[in-house]
Each structure stands twice: as C-alpha cells, then as structure tokens.
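Reading the structure
So you can see what is in the structure, the chains are spelled out below.
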Amino acid sequence: MHPRIRTIEEYHAAYQQSVEDPDGFWAAVAEPFTWRRKWDTVRSGEFSPAGNSKWFDGARLNITENCLDRHLAQRGNKLALIFEPNDPKVRHLRLTYRELHQQVCQFANVLRNNGVQKGDRVIIYLPMIPQLAVAVLACARVGAVHSVVFAGFSATAIADRTNDADARFVLTADGLNRGAKQIPVKSVVDEALESCPGVRRVIVVEHLGWPVTMREGRDVWYHDEVKDVALTCPAEEMAAEDPLFILYTSGSTGKPKGVVHSQAGYMVWADYTFRNVFQVEENDVYWCTADIGWVTGHSYLLYGPLLAGATSLQFEGVPTFPSPGRFWEVIDKHHVTIFYTAPTAIRSLMATPIDNVLSYSLTSLRVLGSVGEPINEEAWHWYHQHVGKGRCPIVDTWWQTETGGIMISALAGITPSVPARAGLPLPGVQPVLLNQDGTEIEGNDQEGYLAIKASWPGVIRTTWGDHERARQTYFQPYPGYYFTGDGARRDENGLYRIIGRVDDVINVSGHRFGTAEIENAINQSDYVVESAVVGYPHDVKGQGIYAYVICQNGLPTSDLEIQRAEASIIEAVVAEIGKIAKPDKIQLVSGLPKTRSGKIMRRILRKVAEGETSNLGDVTTLLDPLVVEEIVAGRK
Ligand code: 6R9
C-alpha cells in the first residue's frame, strides 16, 4: 500500500508541505500508481476567472488498472467485494480481486461489442447489486463516461439526465429489492426512454427474474451478451483530464447539474483520502452503506477502497429490513472493521428499542464514519457508545459531490474527533471563512461562508455541457476561491463545524434537493398556481420539505378537495423527481409573502416552517402583510 499518515506530527508535516510545495507533495503521492505515461505538470489552470483546474496534465492511465490489475500479483486472492443481499436468507457473494477483474473485463467486452466507445456517455440505472459495481468499472475500462442515476429516481429524472448527457447507452435491470418492496426498474427505464430518442442500446441485467418488455433492436440481456466474450479486456488509455464520470446533483437553481470528474486527479484524491481518513490496514473489512448512485458510493464504496486494495462490502438492502438490527447483524456476520454511514440512518435506528443494537457483539469494529449532513451530538454519542462501544474513533467527513472526496475530517485515531465537528482539513485542502463581501475572516471562534482557497486534485472540472454554469456556481461568487454553498464555524481550537447550506438547497436524509427543483415539480400539478418550498428541522431526516402551495380557484374548502390537491402535488413530485423528494408537509395558502418587487420572502416561510412564529422579523416591506397572518394560522 501507499505510505500513509500515522501520527499527528506526520499530519502537520504533510499539511504544511501540501501548502508550501503542492507540486512536490502531490507528485510523491501520485508516484506509486500505475501510469502509462507520467504527467508534464502536477497542477495547472486556475479558479478565477476560468475555473479550469487541471491535475497531472499530460499523464496517461486507466483507473481500472489501478483498481484491479495492479493488485493481482499480491492480492489476486484477496476479497475485493463482499455482496450482502437485501434478504438475509439469500446467500451472500464474495469476489476476489482476480474474480472482479475478470467480471469487469467481461462486462467491458460486452460494452465494446455493443458499440460503446471511448468518450461515450453511459447511463447506469441499476440496483445495488454486484453488476452495478462491475458496470461502473467496465465503463471506466473502455473509457466511457459513466453516469449512475440512483435507482429511486423517476422516469422523468432519468430522461432529463440521459438527454443532458446525450447518452446513447443505458444499463439497467429487470427489478430491484428495497426492504420488503420490489420495484420494476426496467419499466421505469422504458417510460423514460420514450423521451430519449438518442438511446441506441439498453443492456438489461437479470436480477429478480421478472418478465420485462424487450424492445427489438434496442434492448439486450446481459446474460446473452456475456456468453462468448473473452475473460480479459485491454484497458483504454486515457488522458489525465478526460472525464471519468458525470454525477447529477441539485443546486439552488434550475435542473440538477452534471458534475464532471476526471481520471487522474479523482483517482489520486479518492485513494489518498480513503486511506488516510479511515486509516485502512490490509486486513480490514470496510463497509460504506451509501448507494453507488451517490458520490459517497462512487468514491468510498467503489473507487477509493479498490484503489487501496481493500475489501469493500456492498449492501443491497435498507437498515430496517427485516429488522432494525440488520446493520449490526451484517457487521457481525462479515466481521466489518470500518463502518461508514449517514446520520439519518443512525437517527432512525436510535428511535427503535436499544436491544436492536445491544444484542450484537460489534467487536470487530475499529473505525466509524459519518457523511452527508451534520451529525448532531445526540446521534454522535449514541453511535460512539452503542455501536463503537466507546472505543472506535468517529470520523465526521465533510465533502460534496463537487469535491470528489473528503475535505474536512478527522484522520481516525490521529487528529481530533469531537462531536459535531468535522475537524481539520486534509492535506491539500485550504478552507477559509468568508464574509458576505468575500473578505477572509481570520482567527478562531468565527463563523462564515465556507470556501476553499487553492485547487486540490478532486475538484469538479466542469458541469457537463455547460462550463459557464460551473464557473458561475463555484468560482465566480468569490473570485479566487471555490465556493461550497455551506456555512461553517471554526471553533476555538481551529476545528471546523459545518452549519449547513447557505443557499436554497435542502438536505433531506443526506440527499440534496434544490427548492426550485421541487417547486418546479409541484407546479406540474394541475391544481397548482404557484409554490414555495423551504427546509425545516426534522428529527430523523435532518431536514424535511415544507411546501406552501397556492391552488387554482383559490383555497380549497372541503376536506375532499384538500386531499385531492395534496395527492396531486405529491404525485407530481414523485413523477418529476422520485419518492425521495416527497414533501413532508404541504400547506395550501391563498398567497405567498412577497416584496413589492415580487420576490418571495423565504426567510418568513422558513421561520413559520420552523415554528418560530413569534419572531418573524420585519414584514413591513411586504406587498400584503395579511398573507403572513393566514400562513401562521394555518401552519402544519
Ligand atoms: C458527500 C456528500 C454535500 C452537502 C454539503 C453539506 C452536506 C456532507 C457533511 C455535510 C455536515 C458533514 N454535508 N457531509 N454537512 N457535515 N460531514 O454528501 O455530497 O450529496 O453532494 O452533499 O452535504 O451541506 O454541501 P453531496
């Protein structure tokens, strides 16, 4: 394995070198990878004005040679992937590095035989089964740009992403298991592709053995295609800055944007952060509970662990099926040593009887991780005491789809791990707190907008098809900095505490949604004239979605009318985005609080949703102050 930070002194030394001599620092980190050709420059490009960071430019490589081929000599028989199915009665599956290498090569050959070429975009809408991991790596092997769409998104969401990425290939399955539910995935894809004329080929993996409609000339079964292909597949040689993947994520405006990551920088960043944050050892069994459809699954279920030659567990199911002890049962069953999950999962399990966790030994655990949203102190302590039995350091990892990997976090057992603090920045990360006017706030015990001062290997390269959008979102608000969209506090010891989004993004169970995106969906309902969506504190989800909606024909009066309107609103959101974006509360209103210039005063709507109705601030600039009284009175 590559060298790793092992003491606090080594952390400080590495950090200092990464700031003073970034080229030397990152060249040394990148050295042990398999390169077809080394780089000409370590870092180039700029944040401002172009927003065009480049890392290891001139280098040539294939990331799957680094995830798989280079481990074969020493770790060929080591487990790469452990797959734990949704139903505990179904036998688990284990793949060694040699077996995973072969499966990826076979899938890659199937892609090539079906016309996939370097640079083509491939949409992957697969459940959390081994073929999802294999398919992602197969795309990387042939140089295709994968774009995984979480298999809970709606047909409309798939279609939007497929068209935005101009993808001609889709990989999917017949159906999926999620707890007690089974969902017909292929039929969702069929519906989506009615509005995607560019798609030429759909490759379908059989998982549940369900009947599906196969469209002649477009759809093929994976098991038919894989029959006669070779067991090896030469890897495509990629340039360092060629795109590796697109992952769509929500912002404060418009449709989700396709965040683009590149080959070399992303690889170095995923590997470096994985090894150092989790302090991975050769015999660890590592489990990240995120779906590969989110960035956490990309960087820390798949790429990071495989680059590091670790054993990664992939779980198809949900934390509460068949019982709320499932996570802990899986940890004991596979002797998991490092466990990485989200605060929302912890909170939902905390709410169930404590015996669900106390009846498992959990003695294999060594390191615990958290990601996706701030972890509240109560959840932190519960996790520490009942899961970690007081002896496992917790790494609260702050990062974003756009950052490619972890930015601020404890290094397990090395740098301080304090409840409700993400902690210190990783080497290479220079966080700053900014004032509204963009000046840096010096010193500790301070709060401001969180921005990053210098480029790091995993920084977003562009938003697919629209570089200007990336520039305007991340690099223009505060020239010279990458703007995160989060607010943060630097405590008296210099540890960072992430407060939450400062833009119109809501974080529901660790998943990002733009308020505008949900409003657009709600407005698709025939009942709706206008809507405004805000987040509010939610015990389990972190934030819940509160929707204020003005209906056609004024306020409905009968219960039946209200129910119909609400059902139609929910249906619209499920159809446009998916069940995960369903509003938690809907309040039908006759008007929204607007300024004279017509701007909705979200501050007021947020306060009402939070229940802080006694202190609404200044409402005198409102066009119609009476609206506020009605909204307060009708609060859900
Ligand atoms: C990895 C991931 C990013 C947003 C981010 C922030 C929130 C993530 C956090 C956290 C506090 C943490 N966030 N990790 N907030 N503490 N440890 O979640 O990416 O889906 O793009 O979300 O999530 O608000 O800006 P992504």
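Every value quoted in this text rests on a predicted model; they were computed, and no experiment measured them.

A closer look at helix H2 (residues 22–30)
- Residues Pro22, Phe25, Trp26, Val29 and Ala30 constitute the buried set of H2. End-on view of H2: buried residues confined to an arc of 125°, all on one side of the axis.
- Looking at the buried positions of H2, the neighbouring elements they touch are helix H1 (8–20), strand S1 (41–44), strand S2 (54–57) and helix H10 (263–278).

Overview of the UniProt feature "domain: Acetyl-coenzyme A synthetase N-terminal" (unreviewed entry) in the chain
- Under the UniProt annotation, "domain: Acetyl-coenzyme A synthetase N-terminal" (unreviewed entry) lies at residues 11–67.
- Along residues 11–67 one finds 42% helix and 18% strand; the C-alpha atoms at either end are 26 Å apart.

Focus on the packing of aromatic side chains
- Within this structure, the stated rule accounts for 45 aromatic pairs.
- Geometrically, the ring pair formed by Tyr474 and Tyr482 is stacked, given 5.6 Å between the ring centres and 15° between the ring planes. Grouping residues by exposure puts Tyr474 and Tyr482 together as buried.
- Members of the aromatic cluster, each reached through a chain of ring pairs, are Phe25, Trp26, Phe33, Trp35, Trp39, Trp55, Phe56, Trp269 and Tyr272.

Describing helix H8 (residues 185–193)
- Counting buried positions over the nine residues of H8 gives seven, a clear majority of the element.
- Among all positions of H8, only Val185, Lys186, Val188, Val189, Asp190, Ala192 and Leu193 are buried.

With respect to the packing of H10 against helix H11 (residues 295–307)
- Between H10 and H11, the least distance of the axes is 8 Å, while the angle of their chain directions is 90°. Viewed along their axes, H10 and H11 adopt a mutual orientation that is roughly perpendicular. Contacts from Tyr266, Met267, Ala270, Asp271, Thr273, Phe274 and Phe278 of H10 reach H11 at His298, Ser299, Tyr300, Tyr303, Gly304, Pro305 and Leu307.
- The residue makeup of the contact of H10 with H11, split by class, is nine nonpolar, four polar and one charged.

Overview of the site of the ligand
- Taken together, 17 residues lie around the ligand, and Asp396, Thr397, Thr401, Asp486 and Arg512 are the ones closest in.
- Contacts to the ligand include Thr397, whose backbone N or O atom sits 2.8 Å from a nitrogen atom.
- Here Thr401 contributes a side-chain N or O atom positioned 2.5 Å from an oxygen atom of the ligand.
- Protein contacts shield 95% of the accessible area of the ligand, which totals 530 Å² for the unbound molecule.

Brief notes about the UniProt feature "domain: AMP-dependent synthetase/ligase" (unreviewed entry) in the chain
- Annotation from UniProt places "domain: AMP-dependent synthetase/ligase" (unreviewed entry) at residues 69–454.
- Its end C-alpha atoms 33 Å apart, residues 69–454 is made of 31% helix and 22% strand.

Brief notes about the pairing of strand S27 (residues 511–514)
- On S27, burial covers both faces: His511 and Phe513 on one face and Arg512 and Gly514 on the other are all buried.
- Where strand S26 (residues 505–508) folds back on S27, the antiparallel hairpin that results is connected by two residues, among which Ser509 adopts a positive phi of roughly 50°.

Structural notes on the sheet that holds strand S16 (residues 285–288)
- Strand order in the open sheet formed by seven strands is S5-S4-S17-S16-S18-S19-S20, and the pairing between neighbours is mixed. Two strands in the sheet have a free side with no partner beyond their single neighbour: strand S5 (93–96) and strand S20 (394–397). In this sheet, adjacent strand axes meet at a mean angle of 20° when their direction is disregarded.
- Two elements, strand S4 (residues 79–84) and S5, share four bridges in a ladder whose sense is antiparallel. By the bridge assignment for S5, Phe83 is matched with Leu93.
- Its contacts with the sheet put helix H6 (residues 130–142) on S4, S5 and strand S17 (311–315), and the angle it makes with S17 is roughly 125°.

Here's the deal with unusual backbone geometry
- Residue Pro49 is bonded to the preceding Ser48 through a cis peptide linkage, with omega at 0°.
- Its place among the elements puts Pro49 in the loop between S1 and S2.
- Note the cis peptide between Phe321 and Pro322, where omega equals -5°.
- Structurally, the position occupied by Pro322 is in the loop between S17 and helix H12 (326–334).
- Positive phi, close to 60°, is recorded for Phe56, a residue that is not glycine.
- Looking at the element boundaries, Phe56 is found in strand S2.
- Residue Ala420 is not a glycine yet carries a positive backbone phi of 65°.
- Structurally, Ala420 is set in the loop between S20 and strand S21 (431–434).

Focus: the side chain of Thr462
- Within the element layout of this structure, Thr462 appears in strand S23 (residues 462–463).
- Among the residues examined, Thr462 registers a relative accessible area of 19% and is labelled buried.
- Contacts of Thr462, omitting those with residues within four sequence positions, involve Gly258, Val259, Val260, His467 and Ala470.

A word on the nonpolar core
- If you look at the biggest cluster of nonpolar residues, it comprises 123 residues, and the most contacted ones within it are Trp35, Phe56 and Phe278.
- When neighbours within four sequence positions are excluded, Phe56 is seen to be in contact with Trp26, Ala30, Trp35, Trp39, Thr41, Val42, Ala240, Ala264, Gly265, Val268 and Pro457.
- Membership of the second largest hydrophobic core comes to 43 residues, among which are Tyr125, Val533, Cys551 and Ile586.

Here we look at the pairing of strand S24 (residues 482–490)
- S24 sits mainly inside the fold: eight of its nine residues count as buried.
- Alignment of strand S22 (residues 446–452) against S24, held across six bridges, turns out to be antiparallel. Paired with Tyr449 across the bridge in S24 is Gly487.
- As defined by bridge partners, S24 adjoins strand S25 (residues 496–501) across five bridges and the pair is classed as antiparallel. Paired with Gly487 across the strands is Gly500, a residue of S25.
- The antiparallel hairpin formed by S24 and S25 contains five residues in its connecting segment, where Gly494 sits at a positive phi of about 85°.

Criteria and thresholds
Residues numbered from 1 in each chain as written. Predicted model: local features only at pLDDT ≥ 70, side-chain atom pairs only at ≥ 80, totals over all residues. Heavy atoms only, no water. Buried < 20%, exposed > 50% of the residue type's maximum accessible area, 1.4 Å probe, protein only. Helix = DSSP H or I, 4+ residues; strand = E, 2+ residues; numbered from the N terminus. Arc of directions from axis to C-beta. Contact = heavy atoms within 4.5 Å. UniProt positions renumbered as here; feature names shortened; annotations may be inferred. Phe/Tyr/Trp six-rings, centres within 6.5 Å; stacked < 30°, edge-to-face > 60°. Axes fitted to C-alpha atoms, helices over the stretch in contact; angles between N-to-C directions. Parallel < 35°, antiparallel > 145°, perpendicular 65-115°, else oblique. Nonpolar A, V, L, I, M, F, W, Y, C, P; charged D, E, K, R; others polar. Near = heavy atom within 4 Å. Polar contact = N/O pair within 3.5 Å; in protein donor to acceptor, adjacent residues only side chain to side chain. Areas by Shrake-Rupley, 256 points an atom, 1.4 Å probe, with all protein chains shown as cover. Pairing = 2+ DSSP bridges. Core = buried A, V, L, I, M, F, W, Y, C linked by side-chain atoms within 4.5 Å.

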